[in-house]
Amino acid sequence: MLPKIDKPIFELKIPSMDKSINFRPFTVKEEKILLTAQQSGEDKDIILAIKQVINNCCQEPNFEVNDLATFDLEFMFLKLRAKSVNNIIDVSYRDNEDDELYSFAINLDDVEMINLDSESTKLISVTETVGLKMKYPSVTIIDNIPSYEDATDVIDYLVKSCIDCIYDEESVYSTKDIPAEELDAWLDNLDIDTFTKIREFFDKLPQMYYKLTYTNSKGTERVIELNSLNDFFMLG
Amino acid sequence: MSHNSLVNYYTTLFALIQHHKYSISEVEDLMPYERDIYVDLLMSYLKEEKERLEKG
């Protein structure tokens, strides 16, 4: 007999797909998975733990956590955490002008996604008849970043991994079917204008957004923008 | 995650098991907010008991 779900179910939105799926809150046992990863201090362990917990809590049989975009994973985890632990988190920030510590209570339910309309930047025309379509960096792409020493190699890897397909007047060529050397050579021949558009795509990726404002003891108004899980859980 | 640490996790779990007769699986099957509510209620109860004993 299939196990019965004895936890409350709620809907969580997958921002990039604009659809909602059912989740249950995570348990104390699953909190241990997250805390163990946090203790290790390794980003890869933390991402792996978040994926494991999201997968455990999802109630949809065909859900594939590795298909999520990185910003989906962060947003969904934040909302899952709000339902499982507390939707209010306390953060503190040391002001670099007066060296005072300022504390804030953030309601995670108020965190929203921005740049979700960036779908239009996915299509990049190279010439009048040739172009390419980008895709959001998925969890798998980020997981598999090789340990390059040079930052430009990482950027090359990200650009190549996030090209979904190349098209011309006659056909659409999926990058999955293009040999790596051929794709490298094709990319090497692109002009600066195309690379600027690719950079714009990465600059305008959807992200979480929450704004903290305060006035420090010297009267200076400050704005802190929170965009990633690190911002929410490591601030201060 | 920042609300808790692994040390605090095990300290709380041990206290609930050792002093209040919960089992590991009972606590681990709770949602974190439920555990926090039980711990708060238990703390309030112990405080009231202490005050009652001191008065008596």
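Residues numbered from 1 in each chain as written. Chains lettered and ligands numbered in written order. Predicted model: local features only at pLDDT ≥ 70, side-chain atom pairs only at ≥ 80, totals over all residues. Heavy atoms only, no water.

We now examine the overall build of chain A. Broken down by element type, chain A carries 8 helices and 11 strands. Considered along the principal axes of its C-alpha atoms, chain A spans approximately 65 × 55 × 35 Å. The 236 residues of chain A split such that 40% are buried. Expressed as a percentage of contacts within chain A between residues at least 6 apart in sequence, the contacts between residues at least 24 apart total 59%. Accessible surface for chain A amounts to roughly 13,400 Å². Of this, 46% is attributable to carbon and sulfur atoms. In chain A, 24 side chains carry a positive charge and 46 a negative one; their mean positions are 8 Å apart. (Helix = DSSP H or I, 4+ residues; strand = E, 2+ residues; numbered from the N terminus. Buried < 20%, exposed > 50% of the residue type's maximum accessible area, 1.4 Å probe, protein only. Contact = heavy atoms within 4.5 Å. Areas by Shrake-Rupley, 256 points an atom, 1.4 Å probe, with all protein chains shown as cover. Lys, Arg positive; Asp, Glu negative; His and termini not counted. Charge placed at Lys NZ, Arg CZ, Asp CG, Glu CD.)

All names here are of chain A. Sheet architecture is open: 4 strands sit in the order β6-β7-β8-β9, paired in antiparallel fashion. The open sheet terminates on both sides in strands that have one partner only, identified here as β6 (123-125) and β9 (172-174). The mean inter-strand angle of the sheet, taken between neighbouring strand axes irrespective of direction, is 25 degrees. Inspection of the sheet shows strand β7 (residues 131-134) paired to strand β8 (residues 163-167) by 4 bridges, in the antiparallel sense. Along β8, the bridge assignment pairs Leu-132 with Ile-166. Strands in contact with helix α7 (residues 192-203) are β6 and β7; relative to β6, the strand with the most contacts, it is inclined by about 170 degrees. (Pairing = 2+ DSSP bridges. Axes fitted to C-alpha atoms, helices over the stretch in contact; angles between N-to-C directions.)

All names here are of chain A. If you walk across this open sheet you meet the 3 strands as β5-β10-β11, and the pairing is antiparallel. Since the sheet does not close on itself, it has two edges, and those belong to β5 (112-114) and β11 (221-226), each with one partner. Adjacent strand axes in the sheet meet at a mean angle of 45 degrees when their direction is disregarded. Across 6 bridges, strand β10 (residues 207-215) lies against β11 in antiparallel orientation. The residue of β11 that forms the bridge with Tyr-214 is Arg-222.

Overall, the coordinates contain 12 salt bridges over all chains when judged by the stated rule. Among the ionic pairs, A:Glu31 bridges to B:Arg35, the shortest N-O distance being 2.7 Å. Residue A:Glu31 is found in helix α1 (residues 28-40), and its partner B:Arg35 is found in helix α3 (residues 32-55); the two belong to separate chains. The class of A:Glu31 is buried, set by a relative accessible area of 1%. (Salt bridge = Lys/Arg side-chain N within 4 Å of Asp/Glu carboxyl O.)

Across soluble globular proteins, nonpolar side chains show a tendency to be buried alongside one another. Core analysis: the largest hydrophobic core is formed by 64 residues, its most contacted members being A:Phe23, A:Ile54, A:Phe63, A:Leu80, A:Ile106 and A:Phe232. Among the elements that make up this core, the one with the highest residue count is helix α3 (residues 70-84) of chain A (8 residues). Inspection of this core shows a minimum of three residues originating in each of domain 1 (10-112 + 207-232) and domain 2 (118-203) of chain A. Setting aside chain neighbours within four positions, we find A:Leu80 in contact with A:Phe10, A:Leu12, A:Phe23, A:Arg24, A:Pro25, A:Phe26, A:Val53, A:Ile54 and A:Cys57. Judged by nonpolar contacts, the second largest core, of 9 residues, contains B:Leu6, B:Tyr9, B:Leu30 and B:Leu42. (Core = buried A, V, L, I, M, F, W, Y, C linked by side-chain atoms within 4.5 Å. Domains from an automatic or database assignment.)

Glancing now at the packing of aromatic side chains. Residue and element names in this part refer to chain A. Taken as a whole, this structure holds 10 aromatic pairs over all chains when the rule is applied. Ring geometry for Phe-23 against Phe-63: centres 6.0 Å apart, planes inclined by 80 degrees, an arrangement best described as edge-to-face. Of this pair, Phe-23 sits in strand β2 (residues 19-23) while Phe-63 is found in the loop between α2 (43-57) and α3, placing the two residues 40 residues apart along the sequence. Of the two residues examined, Phe-23 and Phe-63, each falls in the buried class. Chaining the aromatic ring pairs together yields one cluster made of Phe-71, Tyr-136, Phe-201 and Phe-202. (Phe/Tyr/Trp six-rings, centres within 6.5 Å; stacked < 30°, edge-to-face > 60°.)

Without other data, these values stay purely geometric and don't point to any function.
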